[in-house]
Amino acid sequence: MKHTNILLAGATGYLGNYLLNELLDNKNQVIAIVRNPDKWQNSNEDYLEIKQAEVTKAETLRDICKGINTVISTVGITKQKDGLTYMDVDYRANMNLLEEAKKSGVAQFVYVSAINGDKYRDLKIFEAKEKFVAALKSSGLNYTIVRPNGFFSDMGHFLQMAKSGRVFLFGSGHQKFNPIHGADLARAIVATLDDDNKELTIGGPDVMSLNEIAKLALTALNKPIKIIHLPDWSRKLTIRCLRSFTSVTTYGPMEFFLTLMAEDNIASTYGHEHLKDFYLEEAKNL
Ligand SMILES: NC(=O)c1ccc[n+]([C@@H]2O[C@H](COP(=O)([O-])OP(=O)(O)OC[C@H]3O[C@@H](n4cnc5c(N)ncnc54)[C@H](OP(=O)(O)O)[C@@H]3O)[C@@H](O)[C@H]2O)c1
């Protein structure tokens, strides 16, 4: 698919940046919504237009979808500390985009949730994300719901632990995942842009246990293999304490991470970027 008018929200983020490059490489005409132009680096003037707007403020998005065929949103709270909740951003801000998309007759909306979001609706992050998914599905627009496994960017936590000489894991460490690189995920999303009403549950090419991931991180830093297994009850206790004593923006990401890491989360395998290579590259900068 080429030269379609695509509105991309989230281009300053990890996945959004890979998506932008993939769209531009495929000669799509892209409008990227950015709230902070200082974070902006891409200067492809032939196919890219930057619009400054706040997705959480509907009035700044007025008519932003005029002439747009496809909206892609990766907007969501990961590490942002804006004092906003998942409902404000993952749900409401995406609803603002959806309302503009409907008003302007946009054909398709691509939204990024996460693996097993539909299974863990009781988690704060998924309460908001899945509420948006439901609204999108009943909007009448063609939709793609992307449910990716953990991104390589988030697998950096293991490398940070490895730097101090040991990796802590809850439980046996046999739980399996296939994390995915942003570049692979962006390729998969852009490759399926022509599809209608699709749910894409997707992960990277390697299915690995947490023990294997911990070993990769320690090996990348030339550390001896030292993995400390904490009892699973301490994981549950940590989630309960975080819920009781911290705000949702603090406990939300931890609740998400600690809940999903307790069991296998395996998605369809895709791509050719390997976590081992990512760790070796990242380790050079640690
Ligand atoms: N990271 C993972 O392992 C993972 C796994 C599965 C699914 N996901 C989902 O995939 C999506 C993209 O993740 P990512 O890792 O690429 O996240 P990211 O790097 O944090 O990017 C998120 C994007 O959302 C924007 N955003 C967040 N809060 C905002 C606010 N209050 N107002 C305006 N814009 C806001 C960010 O803008 P700024 O740059 O201006 O902050 C950024 O462009 C998220 O919805 C995430 O939940 C992530």
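Our structure's up above, just so we're on the same page.
Residues numbered from 1 in each chain as written. Predicted model: local features only at pLDDT ≥ 70, side-chain atom pairs only at ≥ 80, totals over all residues. Heavy atoms only, no water.

## Digging into the overall build of the protein chain
Put simply, the rule is: Strands are runs of DSSP state E lasting at least two residues, helices are runs of H or I lasting at least four, and both sets are numbered from the N terminus onward. Here the globule rule is a power law, 2.2 Å times the number of residues to the power 0.38, and the radius of gyration is based on C-alpha atoms. Relative accessible area decides the class of each residue, using a 1.4 Å probe on protein chains only: under 20% of the type maximum gives buried, over 50% gives exposed, and in between gives partly exposed. Every residue pair with non-hydrogen atoms within 4.5 Å of one another is taken to be in contact. Residue burial considers only the protein chains on display, and all accessible areas are found by Shrake-Rupley using a 1.4 Å probe. In this tally, Asp and Glu contribute negative charge and Lys and Arg positive charge; neither His nor the terminal groups of the chain are included. The location of each charge is read from NZ of Lys, CZ of Arg, CG of Asp or CD of Glu.
Helix and strand counts for the protein chain stand at nine helices and 12 strands. Relative to a compact globule of 286 residues, whose C-alpha radius of gyration would be 19 Å, the protein chain shows 19 Å and is just as compact. Seen through its principal axes, the protein chain has C-alpha atoms that stretch 55 × 40 × 35 Å. Within the span of the protein chain, comprising 286 residues, buried residues form 49% of the whole. Long-range contacts, defined as pairs at least 24 residues apart, comprise 75% of the intrachain contacts of the protein chain with a sequence gap of at least 6. A total of about 13,400 Å² of accessible surface is found on the protein chain, and carbon and sulfur atoms cover 49% of it. Of the charged side chains in the protein chain, 34 are positive and 34 negative; the average position of the first set lies 6 Å away from that of the second.

## Points about the site of the ligand
To keep it simple, the criterion reads: For each residue, the test is whether any non-hydrogen atom lies within 4 Å of the molecule or strand; if one does, the residue is near. Counted as a polar contact is a pair of N or O atoms within 3.5 Å, where, for protein atoms, one must be capable of donating a hydrogen and the other of accepting one, and residues adjacent in sequence contribute only when both atoms are in side chains.
Close to the ligand lie 26 residues; Thr12, Tyr14, Lys39, Thr78 and Lys129 are nearest. The backbone of tyrosine 14 places a nitrogen or oxygen atom 2.8 Å from an oxygen atom of the ligand. Leucine 15 has a polar backbone atom sitting 2.9 Å from an oxygen atom of the ligand. For the ligand, whose accessible area on its own is 890 Å², the fraction buried by protein is 95%.

## Overview of the pattern of salt bridges
Put simply, the rule reads: For this document, the term salt bridge refers to a Lys or Arg side-chain nitrogen within 4 Å of an Asp or Glu carboxyl oxygen.
As enumerated under the stated definition, the model contains 17 salt bridges in all. Among the salt bridges present, the one from lysine 124 reaches glutamate 127, with a minimum N-O distance of 3.3 Å. On the criterion of helical spacing, the pair formed by lysine 124 and glutamate 127 is a turn pair, its members being three residues apart in helix α3 (residues 124-137). According to the relative accessible area criterion, glutamate 127 is partly exposed, its value standing at 35%. Taking the shortest distance from any N to any O, the salt bridge between glutamate 281 and lysine 284 comes out at 3.1 Å. Residue glutamate 281 is classed as partly exposed on the basis of its relative accessible area of 46%. Three or more residues are tied together by salt bridges with common partners; here these are Glu130, Lys137, Arg147 and Glu199.

## Topic: the nonpolar core
Our working rule: The nonpolar core is taken to be a set of buried Ala, Val, Leu, Ile, Met, Phe, Trp, Tyr and Cys residues, with the residues joined through side-chain atoms within 4.5 Å.
One finds Leu7, Ile33 and Phe109 to be the most contacted residues of the largest nonpolar core, which totals 40 residues. Mapped onto this core, the elements with two or more residues apiece are β1 (5-9), β2 (29-34), α2 (86-103), β5 (108-112), α3 and β6 (142-148). For this core, the element with the most residues is α2, which contributes eight residues.

## Brief notes about the sheet that holds strand β4 (residues 70-73)
Sheet strands associate in pairs through backbone hydrogen bonding, adopting either a parallel or an antiparallel arrangement. For clarity, the cut-off: At least two bridges found by DSSP between two strands are what make those strands a pair. All axes here are fitted lines through C-alpha atoms, helices being fitted over the stretch that makes contact, and every angle between N-to-C directions spans 0 to 180 degrees.
Read from one edge of the open sheet, eight strands run β3-β2-β1-β4-β5-β6-β9-β12, paired in parallel fashion. On the outer flanks of this sheet lie β3 (48-52) and β12 (268-269), each paired with one strand and no other. Inspection of the sheet shows β1 paired to β4 by four bridges, in the parallel sense. From the neighbouring strand, leucine 8 faces β4, where its bridge partner is isoleucine 72. Of the strands in this sheet, β1, β2, β3, β4 and β5 are in contact with helix α1 (residues 14-25), which crosses β1 at around 165°.

## A word on α1
To keep things clear, this is the line we draw: Any helix carries an expected span of 1.5 Å times its number of residues minus one.
The end-to-end C-alpha distance of α1 is 17 Å, a good match for the 16 Å that 12 residues give at a rise of 1.5 Å each. By the burial criterion, the buried members of α1 are Leu15, Gly16, Leu19, Leu20, Glu22, Leu23 and Leu24. Buried residues belonging to α1 abut β1, β2, β3, β4, β5 and α5 (182-191). Just downstream of α1, lysine 27 is the residue with a positive phi angle, here 60°.

Without other data, these values stay purely geometric and don't point to any function.
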